[in-house]
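Overview (structure and organization)
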Amino acid sequence: MTMESELLQFEVACNDLEGAVEQIRLAGFKTQNGSQLLMEKKRAILSHFVRLNRDFIPALKQASDTWPTVSQTVRFFVADSQNTIKAINDFFIQYPYHENSLAFASEYGKIFALLINSVHKHNAVCGLIQHAQKQNQKHDRVIGE
């Protein structure tokens, strides 16, 4: 895939992740329904972060190469995403299924907060990359005239 198509896929994936987290929130993230929904969405969440690591991060790095401030933001996002990926993987390894325990509830709360935070960061990086691409297109049009 080209960088542009990867970036479009990243935007779609950001929306999908946001939708999944919002569904959990609406189910009552502090309730058993919310935590059970997280476990039902485990595969989709893990798949998102695998694709982020494998496909989207290289495209984000490439897209931000010509913009130093965007590149720096992408580097921070990548480092933060690596920590997020590890925490989420660790959670699902420790808790492959929903449990009715205080330990599970505590860890679930931490993971849900991490996912909310990650969604905000995904959206910020997506918006920044889109803005940078629009600026490049404007610049290219001015030069081409």
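Heads up: the structure comes first, above all this text.
An account of the accompanying structure is given in this report.

Conventions and cut-offs
Going along each chain's sequence as written, the residues are numbered from 1 onward. Under the rules for a predicted model, residues below a pLDDT of 70 receive no local features and side-chain atom pairs below 80 are neither given nor counted, while totals for whole chains, interfaces and linings still include all residues. The side-chain values count all of the structure's non-hydrogen atoms but skip hydrogen atoms and water molecules. Axes here refer to lines fitted to C-alpha atoms; in helices the fit is confined to the stretch in contact. Angles between the N-to-C directions go from 0 to 180 degrees. Put simply, DSSP H or I for four residues or longer makes a helix, DSSP E for two residues or longer makes a strand, and each gets a number counted from the N terminus. Reported orientations rely on four angle classes, namely roughly parallel under 35 degrees, roughly antiparallel over 145, roughly perpendicular from 65 to 115, and oblique for the rest. Put simply, a crossing is left-handed when the front helix is turned counterclockwise from the back one by less than a right angle, and right-handed when it is turned clockwise. Note on contacts: a residue pair is in contact if any heavy atoms of the two residues lie within 4.5 Å. Each residue is assigned to one of three groups, with Ala, Val, Leu, Ile, Met, Phe, Trp, Tyr, Cys and Pro labelled nonpolar, Asp, Glu, Lys and Arg labelled charged, and all others, Gly among them, labelled polar. One side-chain nitrogen of Lys or Arg within 4 Å of one carboxyl oxygen of Asp or Glu is enough to make a salt bridge. Working definition: with a 1.4 Å probe on protein chains only, accessible area under 20% of the residue-type maximum means buried, over 50% means exposed, and in between means partly exposed.

Turning next to the packing of helix α3 (residues 42-64) against helix α4 (residues 68-94). The description of two helices packed together rests on the angle between their axes and the distance between the axes. Taken N-terminus to C-terminus, the directions of α3 and α4 make an angle of 160°; their axes are 10 Å apart at the nearest point. Considering the angle they form, α3 stands roughly antiparallel to α4. Read as a crossing pair, α3 and α4 show a hand that is left-handed. On α4, the residues that touch Lys42, Ile45, Leu46, Phe49, Leu52, Asn53, Ile57, Leu60, Lys61 and Ser64 of α3 are Val70, Ser71, Val74, Phe77, Val78, Ser81, Gln82, Thr84, Ile85, Ile88, Asn89 and Phe92. Residues belonging to the contact of α3 with α4 are distributed by class as follows: 13 nonpolar, 7 polar and 2 charged.

For the rest of this paragraph, the subject is the pattern of salt bridges. Applying the stated criterion to the full structure yields 6 salt bridges. In this structure, Glu22 engages Arg25 in a salt bridge whose closest nitrogen and oxygen atoms are separated by 2.5 Å. One end of the pair is Glu22 and the other is Arg25, both in helix α1 (residues 3-28) and 3 residues apart, which spans about a single turn. Taking the relative accessible area as the measure of exposure, Glu22 reaches 31% and is therefore partly exposed. When the shortest N-O distance is used, the salt bridge between Glu107 and Lys110 registers 3.3 Å. Of this pair, Glu107 and Lys110 both sit in helix α5 (residues 102-144), separated by 3 residues, roughly a single helical turn.

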